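Given next are the chains, with one letter for each unit.
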Amino acid sequence: MAGVQKSLLKKVCLAACGGGLAVAMSVSTAHANEWPTGDVRLVVPYAPGGTTDVLSRRVADLLQDELDANVVVENRPGAGSTVATGRLARGGRDAAHTILMASPGHTIGAAIYPDLDYDPVEDFVFLQNLIDIPNVMVVPASSPYDSVEEFVEAAREQNMTFSHSGVGSSIHMSGELFKTLTETNLTAVPFAGSGAALPALLGGDVDVSFENMPTVLSHIRSGDLKALAVTSAERSEHLPDVPTLVEVGDYNLDQFVTTAWFGLIAHESFSEEAQEAMRTALDAVMQREEFVSFADQLGAEPGQVAGEEFKQFIAQEVERWQEVAEQAGISQ
Amino acid sequence: MDMFSEVLHLFLSLDNFLAIALGVVIGVVVGSIPGLTATMAVALALPFTFTMEPVAAILLLVGIYKGGMYGGSITAILIRTPGSPASACTLLDGYPMAQQGHAKKALKTALYSSVIADFISNIALIFFAAYLAKIALNFGAPEFFWLICFSLTIIISLASGSMIKGLLAALMGILLSLVGLDEVYGSQRLTFGNYNLMDSISFIPLLIGLFAIPEIIEFYRKKALPHLKAKASGVGMTLAELKRCLKSIIRGSLIGVIIGAIPGTGATAAAFISYSDARRRSPNRDNFGKGEVEGVAAAEAGNNGVAGATMIPLLSLGIPGDVITAIILGAFMVHGLTPGPIMFQENLTLIYALFVGIMFSSLVLLVVGNGAIKYFSLIADIPKSILFPIVLMFCVYGAYAVNNDTFDVWLMLGFGVLGYIFNRAAIPAAPFLIGFILGPMFEDNLRRSLLIGHNDLAIFVRGPITWFFIALTLGSILLAIYRYVAARRQSVSASATQESP
């Protein structure tokens, strides 16, 4: 019986190894072709289901038509977005076909995670900033404050709290930046995601938040939350009556422009020819009706920068968040 | 009447029926494969719904969600590998049942309690959404803190056998749950500089390692398991058993509904809370963990009770309580719909059509589940010498699939060794899991409450909900002490009568 079992085990193992080999071979042939004829891998540095994932799948769909190649989405979550980004930075055989959907985690991650083994600016080429989602400074409907000025004056007198969706999120860092610039007594209250953070804001447990626009738009419209300002450089089409923080001007807020940006990056070795092809394709994608309406539903504006400008933007962001993280005492 | 016909018009289309059926089938299959979760399936299905009608699109995703919630229990029962985190609790009694030759009974019990809980959850969604949403909004960090305290007293009731070993296991669970990024200051805790540990230890590799691997080691060590009676041809759940479990199922469903309505808790916690509640009340208390039908029923009722109820904060407040509802929120928005109070004014017929579809999905789950059991329970008949290498392959694949990372495979194998040591030393795994799941929730809500209350302890007794859970916590501890003392007294008097000539 034992002998039968052993030989059976051997067979099963052999079959498993054979299967593995076959899969490995099929993968390697798929990647043997040169850009842009082979498959393109779009790495999402977060788990399925988030904004980054949904956006990436939409873009992959459209990019597929424009490039006339398969665009395969691959989720590689971990440590903010730094696990996937670090892997891309190391390059390797697939780097020539791989693009990654970067977001504020790319710059904030560089500020708050210690000992990253890559340079968030120099190790990559920056293809195209696709969309920008503004954050909105919101207070509960029951809040006595109707303007940024009133809020700042009050928060200088007394302790106040702001909710955020997790350490290092753009919502968190916006709050910390606001606190630093306005010299107010704000305490960060962390939650596991915006879904968990919202009830605390709606119920008045926290005083303010700098939430992403799509998360709070319906609550602003229904009157459950009051929007005091938007964080983008220009007013948002979705909330035309709400001023920007820059417009407020006082309390150093003229420097406060921050959005949740999303854009595609690649390894520094990404060839000129490939960059060119990608940019043309992405330009076309951004013109597509499907993309425009999708961005609109997210409350997003189309991205402004590409290439060298995009790179400069990233460099400035990294520097800014490093300062904010340092002042806020967030781990370095 | 006009409204009624409009709703029917919206709902009664072949697309909707197909969407629900397809969704439930995908959910059951994906849910039953370790490492592939309903969350992934919903995320992957989302792009396909862009071109569908809104009702069909949402129903497809809801179907996957519900099917996945049940599907996870299939492999948990048959091969001790939970297909999804929420079914970890089901295997505590489900797998022993399968080993005793009652695989089919366990699967049927899981299915029937899932369907009943799902149905109750849907009723709650349809009739009490507004009311439950209000409770959810009043459920802040301090209220959460006390709910978790109450749930932690579960460990007392789950520590079968030795209390010391139970507490030891729970503390180990809590210790491991501390690994990762500190939620408030962002500092790294116990990561040893390893980036893979930065987001905390992944739950699925832990589950697979802890439960599936020790069975495989045990098999190859002894070349045979002492209990090889598993047969697919056994009987299903009898009516008498269903009657006996009904109270636990209903109570578990209600626990699931409340937990589902509060954003951010999740089905796994609900399953464990329901399970221990059932155990505390059951006359068959001592049989829990050894193959008790009521244990399977309570666990499955708990996690499926969550499914309908998570739609409550989503539809009535526009707040997604977990990742799946966040994706469903995305699907709504792609179709130009924004869940929340406004949708109840502007798209009422659509909401009612969804409600009809969601009710219908419970029925589909029953049919699909029954079909699945027919084929899946054949797994119980496969000789272990053939089955276990395949299970091992699935373990490796499942651990890898979570983050597409080999690190998780090593983690899974490490937990396999730990699980084996647990088995040998008779340390119960359930308190370990509870510690791992609830530990972080306890810490986060404690710190969150203190931050919100500016370090004033008064926030912990701020309202009726906190008082209610404080009373429950104290009551639960007192009951445990009373039972412990009573049991001691009984054994002392029993030994006294034995000694007296």
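All values reported here derive from a predicted model rather than from experimental measurement.

A short note on the overall build of chain B
Counting its regular elements, chain B contains 20 helices and two strands. The C-alpha radius of gyration of chain B comes to 23 Å, within 12% of the 23 Å expected for a compact globule of 501 residues. Its C-alpha atoms give chain B principal-axis dimensions of about 85 × 60 × 55 Å. Here the analysis covers contacts within chain B between residues at least 6 apart in sequence; of these, 79% occur between residues at least 24 apart. In the structure as shown, chain B presents an accessible area of about 19,700 Å², 70% of it carried by carbon and sulfur atoms.

Regarding the packing of helix α3 (residues 38-49) of chain B against helix α14 (residues 323-334) of chain B
All names here are of chain B. Here α3 crosses α14 at 5°, and the two axes come no closer than 9 Å. Regarding the angle of α3 to α14, the classification is roughly parallel. Judged by residue contacts, A38, T39, V42, A43, L46 and T49 of α3 engage V323, I324, I327 and A331 from α14. Residues of the contact of α3 with α14, tallied by class, amount to eight nonpolar, two polar and no charged.

Examining the interface of chain B and chain A
The interface is formed by 47 residues belonging to chain B together with 51 residues belonging to chain A. When the two sides are added together, the surface that chain B and chain A hide from each other amounts to roughly 4,000 Å², 65% of it contributed by carbon and sulfur. Inspection of the chain B/chain A interface yields two salt bridges. A salt bridge links R462(B) to D205(A), with the nearest nitrogen and oxygen atoms 2.8 Å apart. On the surface where chain B and chain A come into contact, there are four residue pairs in polar contact (both at pLDDT 80 or more). Taken together, the elements giving at least two residues each to the side of chain B that touches chain A come down to α3, α14, α15 (341-346), α17 (384-403) and α19 (429-452) of chain B.

Looking at the domain arrangement of chain A
The figure often quoted for interface size is the accessible area lost as the parts come together. Residues and elements named next belong to chain A. Taken domain by domain, chain A comprises domain 1 (38-132 + 260-328) and domain 2 (134-255). The gap between the C-alpha centroids of domain 1 and domain 2 is 26 Å. Each partner contributes residues to the interface: domain 1 has 15 residues there, and domain 2 has 18 residues. For the pair domain 1 and domain 2, the summed buried area comes to about 1,300 Å², and 66% of that belongs to carbon and sulfur atoms. Our count for the domain 1 to domain 2 interface comes out at zero residue pairs in polar contact (both at pLDDT 80 or more).

A look at the pattern of salt bridges
Summed over the entire model, instances satisfying the criterion amount to 29 salt bridges over all chains. Here K311(A) makes a salt bridge to E122(A), at a shortest N to O gap of 3.5 Å. Separated by 189 residues along the polypeptide, K311(A) in helix α12 (residues 307-328) and E122(A) in the loop between α4 (104-112) and β4 (124-140) bring together distant segments of the chain. The shortest N-O distance in the salt bridge between R447(B) and E443(B) comes to 2.8 Å. Placement of both R447(B) and E443(B) in helix α19 is noted, with a separation of four residues, approximately one turn of the helix. Here the salt bridges share partners, and the residues they tie into one network are D65(A), E66(A), R288(A) and E290(A).

A look at the side chain of S194(A)
Position of S194(A) relative to the elements: it lies in helix α7 (residues 194-202). When residues no more than four places from it in sequence are discounted, the contact partners of S194(A) are S165(A), I171(A), E211(A) and T215(A).

Description of helix α6 (residues 141-152) of chain B
In this model α6(B) runs 16 Å from its N-terminal to its C-terminal C-alpha over twelve residues, within 8% of the 16 Å that 1.5 Å per residue would give. Turning to α6(B), its buried residues number three or more, namely A141(B), P142(B), E143(B), F144(B), F145(B), W146(B), L147(B), I148(B), C149(B), F150(B), S151(B) and L152(B).

Regarding the packing of helix α6 (residues 170-182) of chain A against α12(A)
Residue and element names in this part refer to chain A. Contact pair α6 / α12: the axes reach a minimum separation of 10 Å and the direction vectors enclose 75°. By the angle between their axes, α6 is roughly perpendicular relative to α12. Across from M173, S174, E176, L177 and T180 in α6, the residues of α12 making contact are R320, W321, V324, A325, Q327 and A328. Taken together, the residues of the contact of α6 with α12 sort by class into six nonpolar, three polar and two charged.

With respect to helix α5 (residues 148-157) of chain A
Inspection of α5(A) places V148(A), F151(A), V152(A), A154(A) and A155(A) among the buried residues, and these make up the whole buried set. Projected down its long axis, α5(A) carries its buried residues within an arc of 165°, all on one side.

Section: the nonpolar core
Judged by nonpolar contacts, the single largest core of 212 residues is most densely connected at I99(A), L264(A) and F332(B). Ranked by residues supplied to this core, first place goes to helix α5 (residues 91-137) of chain B with 17 residues. Both of domain 1 (38-132 + 260-328) and domain 2 (134-255) of chain A provide at least three residues apiece to this core. When residues no more than four places from it in sequence are discounted, the contact partners of L264(A) are L42(A), V59(A), I99(A), L100(A), M101(A), F126(A), L127(A), Q128(A), L130(A), M278(A), L282(A) and F310(A). Counting residues in each nonpolar core, the second largest holds 55 residues, with A84(A), V121(A), L228(A) and I330(A) among its members.

Reading guide: rules and limits
Residues numbered from 1 in each chain as written. Chains lettered and ligands numbered in written order. Predicted model: local features only at pLDDT ≥ 70, side-chain atom pairs only at ≥ 80, totals over all residues. Heavy atoms only, no water. Helix = DSSP H or I, 4+ residues; strand = E, 2+ residues; numbered from the N terminus. Rg over C-alpha atoms; globule rule 2.2 N^0.38 Å. Contact = heavy atoms within 4.5 Å. Areas by Shrake-Rupley, 256 points an atom, 1.4 Å probe, with all protein chains shown as cover. Axes fitted to C-alpha atoms, helices over the stretch in contact; angles between N-to-C directions. Parallel < 35°, antiparallel > 145°, perpendicular 65-115°, else oblique. Nonpolar A, V, L, I, M, F, W, Y, C, P; charged D, E, K, R; others polar. Buried area = accessible area lost by both parts, 1.4 Å probe. Salt bridge = Lys/Arg side-chain N within 4 Å of Asp/Glu carboxyl O. Polar contact = N/O pair within 3.5 Å; in protein donor to acceptor, adjacent residues only side chain to side chain. Domains from an automatic or database assignment. Expected span 1.5 Å × (residues − 1). Buried < 20%, exposed > 50% of the residue type's maximum accessible area, 1.4 Å probe, protein only. Arc of directions from axis to C-beta. Core = buried A, V, L, I, M, F, W, Y, C linked by side-chain atoms within 4.5 Å.

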